Amino acid sequence: MHHRLSPPGVLLFTGDVFCDLIFAGADVPVLGQETYADRFGIVAGGAAIRAVAAARLGADSRLVSTMGDDVIGSHIRTTLRSEANLDLDELVTISGYQTPISVAISGPHDRGFITYVEEHPAAIPQRRDDVAAVHLDVADAAQPWATELRSRGAVMVGGVGWDASGEWSTDLLAELDKVDVFVPNHDEAMAYTRSSDPVAAARALAEHVGLAVVTRGAGGVLAVDSANGDEAEVPGIPVAAVDPTGAGDVFTAALMTSFGEDWTLSERLRFATAAAAYSVMGLGGSASAPTAHELVGFVERRAADSDWGFLHDWTRRAPLQQTTATER
């Protein structure tokens, strides 16, 4: 079924902005020993990945978050200012606050993190009249500003972080009725639903939310739309991965960018999967997220045997930004 999920408008991204220090091609070091990485990058992480990825695909993107006035925060803010279509007017600076930092040790298929985050007040969106869709943590979906935006017709896209406690409380399922779309990875989906495979997990989640989308890394993605009974499964696009950090965020941003298009569920998933596959060939999701121009060239080279007519129609309308990285 072809349908638009939201009218044209701003895509709003909330959550912490991180400074990601990425060491690629390295093994996790043993205490007391030293290991060497093949590549290194300093990039904007967290909510910034989603905001940048959407902006590069031509969406009007707005980042609502907090950062410190530390050296790292200043560097990340300068990096973000170079992005077209990205509104930073609601990126709040807090004096004396240390901008969150994640050290990612990344291989081609997975990665591990060491993260430091200080307590800080959450940023609340102030401009709300022009918002078409919002990405937020499911835990924030009950906030008054979120319920107001949803009542105005904004599509609420929920995400979750890694549960370091290992509990994966099923209480989350009761909160999913406060969002319209839920996008976990397969580990998160199976843990929260107590399911043994991603398909069963997606179907279980769809009992609580309108659209459940379960990402599976290189294995692609599957989704269940409970509103009309649609199910779709899209394979990944094989690439030589350098760093998967932020690929799920790029996927979600691309999916949200598709909301204003008259596409099928499968086409939305293919679009977002292609964007995520492109991003893993570079370091850091915000640095390697594709522009529309790059994405079209990528699918022509890597997946030319599939029908991408819907994508070519989209690029005739989407702003084709200049290439931001070496064509891959």
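Above this note sits the structure.
Let me sum up the structure you'll find in this document. Computed from a predicted structure; not experimentally measured.

Looking now at unusual backbone geometry. Look at tryptophan 168: it is not a glycine, yet its phi comes out positive at around 45°. By secondary structure assignment, the location of tryptophan 168 is in the loop between strand S10 (155-159) and helix H4 (171-175). At arginine 194, a position not held by glycine, the phi torsion is positive, near 55°. With respect to the element layout, arginine 194 can be found in the loop between helix H5 (186-193) and helix H6 (198-205).

Here we take up the pairing of strand S4 (residues 61-68). Most of S4 is tucked away, with eight of its eight residues classed as buried. Of the two faces of S4, the one holding Ser61, Leu63, Ser65 and Met67 and the one holding Arg62, Val64, Thr66 and Gly68 are both buried throughout. Across four bridges, the pairing between strand S1 (residues 10-14) and S4 is parallel. In the strand pairing of S4, leucine 12 is matched with arginine 62. The sheet contact formed by S4 and strand S5 (residues 86-87) spans two bridges and is parallel.

Helix H1 (residues 47-56) sits mainly inside the fold: 10 of its 10 residues count as buried. When H1 is considered as a whole, its buried residues turn out to be Ala47, Ala48, Ile49, Arg50, Ala51, Val52, Ala53, Ala54, Ala55 and Arg56. Just downstream of H1, glycine 58 is the residue with a positive phi angle, here 100°.

Attention now goes to the sheet that holds strand S3 (residues 39-46). Ordered by their spatial adjacency, four strands build an open sheet running S3-S2-S7-S8, and the pairing between neighbours is mixed. In this open sheet, the two strands that pair with only one neighbour each are S3 and strand S8 (111-116). Geometrically, the sheet is characterised by an average inter-axis angle of 20° between neighbouring strands, direction not taken into account. Lying over the sheet, H1 contacts strand S2 (17-24) and S3, oriented at roughly 90° with respect to S3.

Here we take up the environment of alanine 133. Turning to its location among the elements, alanine 133 is positioned in strand S9 (residues 131-137). Using a relative accessible area of 0% as the deciding quantity, one classes alanine 133 as buried. Linking alanine 133 and aspartate 180, residues 47 residues apart in sequence, is a C-alpha distance of 9.9 Å. Ignoring any residue separated from it by four or fewer positions in sequence, one finds alanine 133 in contact with Val10, Leu11, Leu12, Ala154, Val155, Met256 and Phe259.

Leu63, Leu80, Val213 and Leu269 are the most contacted members of the largest nonpolar core, which totals 63 residues. Considering each element in turn, this core owes the most residues, nine residues, to helix H8 (residues 265-279). Excluding its chain neighbours within four sequence positions, the residues that come into contact with valine 213 are Val181, Phe182, Val183, Pro184, Val221, Leu222, Ala223, Phe251, Leu255 and Leu269. Counting residues in each nonpolar core, the second largest holds 33 residues, with Val64, Leu149, Val179 and Ala202 among its members.

Further remarks concern the packing of aromatic side chains. In total, this model carries eight aromatic pairs according to the counting rule given. Here tryptophan 263 and phenylalanine 271 contribute two aromatic rings whose centre-to-centre distance is 5.1 Å and whose plane-to-plane angle is 65°, an arrangement assigned as edge-to-face. With respect to burial, tryptophan 263 and phenylalanine 271 carry one shared label: buried. The structure contains a cluster of three or more aromatic residues connected by ring pairs, namely Trp263, Phe271, Trp308, Phe310 and Trp314.

Here the focus is the packing of H5 against H6. At a minimum axis distance of 9 Å, the contact between H5 and H6 shows a crossing angle of 65°. Crossing hand, H5 versus H6: left-handed. Residues His186, Ala189, Met190 and Thr193 of H5 lie in contact with H6, whose contacting residues are Pro198, Ala201, Ala204 and Leu205. By residue class, the composition of the contact of H5 with H6 is six nonpolar, two polar and no charged.

With that settled, the discussion passes to the packing of H8 against helix H10 (residues 292-302). Packing of H8 against H10 leaves a shortest axis separation of 10 Å and a crossing angle of 95°. Judged on the interaxial angle alone, H10 and H8 are roughly perpendicular. Two secondary-structure elements touch here, H8 through Phe271, Ala274, Ala275, Ala277 and Tyr278 and H10 through Glu294, Leu295, Phe298 and Val299. Class assignment for the residues of the contact of H8 with H10 results in eight nonpolar, no polar and one charged.

Calculation rules
- Residues numbered from 1 in each chain as written.
- Predicted model: local features only at pLDDT ≥ 70, side-chain atom pairs only at ≥ 80, totals over all residues.
- Heavy atoms only, no water.
- Helix = DSSP H or I, 4+ residues; strand = E, 2+ residues; numbered from the N terminus.
- Buried < 20%, exposed > 50% of the residue type's maximum accessible area, 1.4 Å probe, protein only.
- Pairing = 2+ DSSP bridges.
- Axes fitted to C-alpha atoms, helices over the stretch in contact; angles between N-to-C directions.
- Contact = heavy atoms within 4.5 Å.
- Core = buried A, V, L, I, M, F, W, Y, C linked by side-chain atoms within 4.5 Å.
- Phe/Tyr/Trp six-rings, centres within 6.5 Å; stacked < 30°, edge-to-face > 60°.
- Left-handed = near helix turned anticlockwise from the far one by under 90°.
- Nonpolar A, V, L, I, M, F, W, Y, C, P; charged D, E, K, R; others polar.
- Parallel < 35°, antiparallel > 145°, perpendicular 65-115°, else oblique.

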